[in-house]
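These are the residues of each chain, in order.
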Amino acid sequence: MSLNRRRHVAVLLVGFLAYTIGVWFAAQKQPTGYEISIYTATPIAFWAGVAVAFVSAVLVGLNAPTGTLRNRLALLLGTLVGISMAALPTIRDYYYYGLGDALSYLGWTRMIAEGTLNPVNFLYPGIHSTAVVLTSVTGLAPRRTLQLVMVAFIALYILFTGLCVARLAARSNAIAVGVFFALLFLPINNIHTYIFPYPTSAAIFFTPFALYLVLRYLGDGSSLLSVRGLPLLTPLGLLLMLAGISAILIHPQSGSNVLFIIAAGFGLQVLAAIYEIWTERRNRASLSTTYGQSGTRYTAHRSLAPQAVVVGLFFALWTPRFDRATGTMGTVISGLLYGANPADEISTSASSLTAIGSGIGVLFAKIFLVSAVLSVVAGLVMLAALSGRLDERYPDRNALLRYVTFGFVPVFMLFGIFFITSVTRQPFRYLGFMMVFVTILVAVAVSDGIPFGLSFSSDNWRAAVAVVLVLLLIPQALIIHQSPHMYKTSDHVPETYMEGHVTTFENRDPSVWFAGPRGGPRRYVDAYYGTTYSDYTPSGEHFPGKEDKIPFAVFGTNTTTHYSHCRYVPLTSRDYEKEIGLYDGFRYSAEDFENFRQNPDVYRVQSNGDYRLYFVRGEDCLR
């Protein structure tokens, strides 16, 4: 055994041992109540263990020969580190992870499992139906399987990001670079893409798989169906069609980006064919220097027309059936026609951050600084691909990079459109999707030394890449999960919260309305009953006021005189920790909470420690 091999084996042993110990410590530390930050609540042994494991994986993965067992073990170790960081709530045995939309998705999953919701009549049944199948196979509750489905998508994202880089790059060990850059999780911004059960995130994590199929299909030589010797259908072509349809079922808006990749690739083929005809008429043997000698490769590639037509037709038939999809399109058109101010929400957020002693610049640096820097690198790669400045010794790579660049263009345009029309946080969905391209292109640039011509065979270059990866992972690891680091609370849903709300729902007086700081218990209603986007549940129960927010100036001062109807006000430990611990009483102060509880017309009617329900007498209430 060579000296290098022995060193690699020793480093891997240390890495796997550290990883195992870290995960064991994390699994032993189960939550006893709401945790405002999963980072501080998780034992330091976990973070130390995954840090040692990641460094070990990078050192061996970048230096061991591609295809060797130790190289593959290093990639496995790195993948396990990434999955463990993303799936930490599951390892820690959180009852459920994901407030807001994720609770509504849990309700829809339960409805599908109970047979009260037909997936065909649901806009994005992908992850919900998969969770139901997993529930029927394993017997686990939907709250568990829904989170496991996201873990599977994360694993798919890491694996196929590495494979996309390996397919694009011209030099060895590219798959290792791709896997390690995937562990940065650039698509997650916690503004409109999240690590918890979320169809948008699942569709984004699914994208590298579809992109890899595109890259492989272009040079596919096999055939399932031929007519007069002309191949019409290939295994990869059929799989690409199914992948495009699946992406739309996961989430039509985000999944349509896969359609754009396919359509843009077909558009590039059409442009190349037109250009060849034009050059032939001018008696030229090849394309101009814009495409180099590899230009004719586009017309030699498998046509993406069948996939573009089939996936586009499915999107056109599936999406318009749902009001939510057409409503979003209507908002975009209205914004384009009548104008909008995309700075409104940013200005509001900036004011709030200033009030608690921070600023929009600080928040941007925490969330987007790494992404912004790497986006510049990816932009240079795309410019080099379009301007013909890539090394022409690798024509296949150059041609495929142009496909990726063309696929990026419509997504970037949609990002701009949604930003200009100010459709709430929708642009950040497309920003998350764009980060898939950035991750892949940066990894290709590192592997092939674009645009500086550096060689990955250089020890110094590999060492520099290893150091950069470690330095980049630290800030990125801190934004995988929501926490006070980014001025947000954790999405932890303790069992006491769910049990408390369920007890309230089952024993409430239907004539009493709801309200709460920053909103009523709508999401828990959705999680337990399902949702109809109204005050009524799918079974017809009425929950008036389930979204009503107690005004800042009313809570703790004149709550009983402000409302005419009697109100139920659920309060959780998260409410107090968020408003007092995180925001320092910016909207709801400690004095407001105290005054609310001490009001003689406010009665505590239910409590389990973490969850308390108060009954507020309104002015017209029966006394």
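Just so you know, the residues in each chain are numbered from 1, in the order the chain's sequence is written. Under the rules for a predicted model, residues below a pLDDT of 70 receive no local features and side-chain atom pairs below 80 are neither given nor counted, while totals for whole chains, interfaces and linings still include all residues. Side-chain measures here rest on the full set of heavy atoms in the structure, leaving out hydrogens and waters.

When you tally the buried positions in strand β6 (residues 567–572), you get six out of six residues, the bulk of the element. Sheet topology note: the strand β5 (residues 513–514)/β6 ladder contains two bridges and is parallel. Bridging from a neighbouring strand, phenylalanine 514 pairs with tyrosine 568 of β6. Relative to strand β8 (residues 611–616), β6 is paired through six bridges, and the arrangement is antiparallel. Within β8, the position partnered with leucine 571 by the bridge is arginine 612. Categorising residues by exposure relies on relative accessible area from a 1.4 Å probe, with only protein chains included: less than 20% of the type maximum marks a residue as buried, more than 50% marks it as exposed, and the intermediate range marks it as partly exposed. Helix and strand definitions here come from DSSP, where helices need a minimum of 4 consecutive H or I residues and strands a minimum of 2 consecutive E residues; each element is numbered from the N-terminal end. Paired strands are those between which DSSP finds at least two bridges.

On to the packing of helix α8 (residues 142–168) against helix α10 (residues 199–217), then. In this analysis an axis means a line fitted to C-alpha atoms, helices contributing only their contacting stretch, and an angle means the value between N-to-C directions, from 0 to 180 degrees. Contact geometry for α8 and α10: axes closest at 8 Å, N-to-C directions at 30 degrees. The angle between α8 and α10 places the two elements in the roughly parallel class. Relative to α10, α8 is oriented so that their crossing is left-handed. Judged by residue contacts, Met150, Phe153, Ile154, Leu156, Tyr157, Phe160, Thr161, Leu163, Cys164, Arg167 and Leu168 of α8 engage Ser201, Ala202, Phe205, Phe206, Pro208, Phe209, Leu211, Tyr212, Leu215 and Arg216 from α10. In this classification, the charged set is Asp, Glu, Lys and Arg, the nonpolar set is Ala, Val, Leu, Ile, Met, Phe, Trp, Tyr, Cys and Pro, and all remaining amino acids, among them Gly, are polar. For the contact of α8 with α10, the per-class residue count stands at 17 nonpolar, two polar and two charged. Any angle that is under 35 degrees is reported as roughly parallel, and any over 145 degrees as roughly antiparallel; angles of 65 to 115 degrees are reported as roughly perpendicular and all others as oblique. Whether a crossing is left-handed or right-handed is set by the direction in which the near helix is turned from the far one by less than a right angle, anticlockwise for left-handed and clockwise for right-handed. The contact definition used throughout considers only heavy atoms, calling two residues in contact when any of these lie within 4.5 Å.

Once that is clear, we can look at the side chain of arginine 143. Looking at where arginine 143 falls in the secondary structure, it is placed in helix α8. The buried charged residue arginine 143 lacks any salt bridge partner; its closest oppositely charged side chain belongs to glutamate 495, at an N-O distance of 5.9 Å. Looking at arginine 143, its side chain comes within polar contact range of the main-chain oxygen of tyrosine 95, at 2.8 Å. Aside from chain neighbours lying at most four places away, what touches arginine 143 is Tyr95, Tyr96 and Leu106. We count Lys and Arg on the positive side and Asp and Glu on the negative side, and we leave His and both chain ends out. One speaks of a salt bridge when a side-chain nitrogen belonging to Lys or Arg is within 4 Å of a carboxyl oxygen belonging to Asp or Glu. In protein, a polar contact means a hydrogen-donor-capable atom and an acceptor-capable atom, both N or O and within 3.5 Å, with residues adjacent in sequence counting only if both atoms are side-chain atoms; elsewhere, any N or O pair within 3.5 Å suffices.

As a further point, take the packing of helix α6 (residues 101–114) against helix α7 (residues 126–138). Viewed as axis vectors pointing N to C, α6 and α7 meet at an angle of 55 degrees, and their least axial separation amounts to 9 Å. With respect to their mutual orientation, α6 and α7 come out oblique. The handedness of the crossing between α6 and α7 is right-handed. Where α6 approaches α7, its residues Tyr105, Trp108, Thr109, Ile112 and Ala113 are matched on the opposing element by His128, Ser129, Ala131 and Val132. Its residues placed into classes, the contact of α6 with α7 shows six nonpolar, three polar and no charged.

This part is about the packing of aromatic side chains. Side-chain rings of Phe, Tyr and Trp, where Trp is taken by its six-membered ring, are said to pair if the distance between their centres is within 6.5 Å; with planes under 30 degrees apart they count as stacked, over 60 as edge-to-face, and otherwise as tilted. Across all of its chains, the model carries 49 aromatic pairs by this definition. Residues phenylalanine 505 and phenylalanine 514 carry aromatic rings whose centres are separated by 6.4 Å and whose planes lie at 75 degrees to one another, so their mutual orientation is edge-to-face. Considered together, phenylalanine 505 and phenylalanine 514 belong to a single accessibility category, that of buried residues. By the ring-pair criterion, three or more aromatic residues cluster together here, those being Tyr94, Tyr97, Tyr105, Trp108, Phe122, Tyr124, Tyr194, Phe196, Tyr198 and Tyr533.

Attention now goes to helix α3 (residues 44–63). Here the expected length of a helix is defined as 1.5 Å per residue gap, with one fewer gap than residues. For α3, built from 20 residues, the straight-helix expectation of 28 Å at 1.5 Å per residue is met to within 8% by its first-to-last C-alpha distance of 29 Å. Looking at the buried positions of α3, the neighbouring elements they touch are α1 (3–28), α2 (38–41), α4 (69–86), α5 (88–91), α9 (174–182) and α20 (459–477).

With that settled, consider the nonpolar core. Ranked by internal contacts, the top residues of the largest apolar core, which has 174 residues, are Leu62, Phe180, Phe181, Phe185, Phe205 and Leu401. For this core, the element with the most residues is helix α19 (residues 427–448), which contributes 15 residues. Setting aside residues up to four positions removed in sequence, leucine 401 forms contacts with Leu168, Val381, Ala385, Leu390, Leu441, Val444 and Ile450. If you look at the next biggest cluster of nonpolar residues, it comprises 14 residues, including Ala515, Val554, Leu571 and Val616. To qualify as a nonpolar core, a set must consist of buried Ala, Val, Leu, Ile, Met, Phe, Trp, Tyr and Cys residues joined through side-chain atoms within 4.5 Å.

Time to look at a nonpolar patch on the surface. To count toward a patch, a residue needs a relative accessible area above 30% and no salt bridge. Like charges then connect within 9 Å, nonpolar side chains (Val, Leu, Ile, Met, Phe, Trp, Tyr) within 5 Å. Each accessible area is a Shrake-Rupley estimate made with a 1.4 Å probe; only the visible protein chains count as cover when residues are assessed. Judged by side-chain polarity, Leu17, Ile21, Trp24 and Phe25 come together as a nonpolar surface patch covering roughly 420 Å² of accessible area. With relative accessibility at 53%, the residue leucine 17 sits in the exposed group.

Moving on to the pairing of strand β7 (residues 602–607). In terms of strand pairing, β7 meets β8 through five bridges, oriented antiparallel. Bridge assignment links tyrosine 603 to a residue of β8, and that residue is phenylalanine 615. Connecting β7 to the next strand, β8, in antiparallel fashion are three residues, including glycine 609 with a positive phi near 100 degrees.

On to helix α21 (residues 495–507). Along its 13 residues, α21 runs 18 Å from first to last C-alpha, staying within 8% of the 18 Å computed at 1.5 Å per residue. What α21 keeps buried is the set Tyr497, Met498, Gly500, His501, Val502, Thr504 and Phe505.

All right, on to the pattern of salt bridges then. Counted under the stated rule, the structure contains 14 salt bridges. Arginine 397 is paired through a salt bridge with aspartate 448; the nearest N and O atoms lie 2.9 Å apart. Taken together, the residues span a long stretch of sequence, with arginine 397 in helix α18 (residues 395–420) and aspartate 448 in helix α19 at a distance of 51 residues. Residue arginine 397 is classed as buried on the basis of its relative accessible area of 5%. For arginine 617, the salt bridge is made with aspartate 601, and the minimal N-O distance between the two is 4.0 Å. Here arginine 617, found in the segment after β8, pairs with aspartate 601, found in the loop between α25 (590–598) and β7; they are 16 residues apart in sequence, far enough to count as distant. It is possible to trace a salt-bridge network through shared partners that takes in Arg522, Asp526, Lys546 and Glu547.

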